[in-house]
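Observations on chain architecture
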Amino acid sequence: MATKFLEKDLEDIIFESDKNELFERGLLIYGKLYRQVRIGNYGVADLISVKRIPTDIRNGERGEFASHLDITIYELKKDKIDVHTFMQAVRYAKGISRYFEKYRTNIKVQFKVVLIGSEISMNDDFTYITDMFTPDIPSSFYSPAINSVTFYKYKYNFDGIYFENHNQYYLINEGF
């Protein structure tokens, strides 16, 4: 009788394994790894790694960052990863970002998303995501990566069309 491989099994293997062993098997994880992280009402992330990167402060001036955190969100799927998997990780990143905006304003955060599953959805535009989001390239260098996404709502009435920029969404009740 074959045993079922569950998403929790994948999480257990990654969390409990030595980072060097994971690296030898193709998965790079750096920083401290956390599992089943509740992010207020934004949800529970499977795994998150956090690495603190120290930053210089000149004269302790307010507004300068004491450090920044490289935060990697690992979203795991037993089977196929798709756009919904990506959007779930984006929701977690937004929740973490909001937490730092509200409670830890002296720490800057930077996000990476890692999606892990046994298959990748190849039937839609989802497959282009990794080609268009390029990590670790300073904004001063040319990159063909998308580094901004903007939403607009439009209204069309008797005197023409109007556009309204919409961004900075967050949950009304964030749970933290």
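Note: the structure precedes this text.
Residues numbered from 1 in each chain as written. Predicted model: local features only at pLDDT ≥ 70, side-chain atom pairs only at ≥ 80, totals over all residues. Heavy atoms only, no water.

With that settled, the discussion passes to the pairing of strand β2 (residues 44–54). Looking along a regular strand, one sees the side chains alternate between the two faces of the sheet. With 6 bridges joining them, strand β1 (residues 32–38) and β2 adopt antiparallel strand pairing. Note that in β2 the partner of lysine 32 across the bridge is valine 50. Joining the antiparallel neighbours β1 and β2 is a turn of 5 residues, in which glycine 40 adopts a positive phi near 50°. (Pairing = 2+ DSSP bridges. Helix = DSSP H or I, 4+ residues; strand = E, 2+ residues; numbered from the N terminus.)

One finds Ile39, Ile48, Ile71, Ile73, Ile96 and Phe100 to be the most contacted residues of the largest nonpolar core, which totals 13 residues. Only β2, β3 (67–76) and α3 (83–103) provide two or more residues apiece to this core. Counting residues per element, this core draws most heavily on α3, at 5 residues. Dropping the residues within four chain positions of it, isoleucine 71 is found in contact with Ile48, Ser49, Val50, Ile96, Phe100, Val109, Gln110, Phe111 and Lys112. Grouped together as the second largest cluster of nonpolar side chains are 10 residues, Ile14, Ile29, Tyr74 and Ile116 included. (Core = buried A, V, L, I, M, F, W, Y, C linked by side-chain atoms within 4.5 Å. Buried < 20%, exposed > 50% of the residue type's maximum accessible area, 1.4 Å probe, protein only. Contact = heavy atoms within 4.5 Å.)

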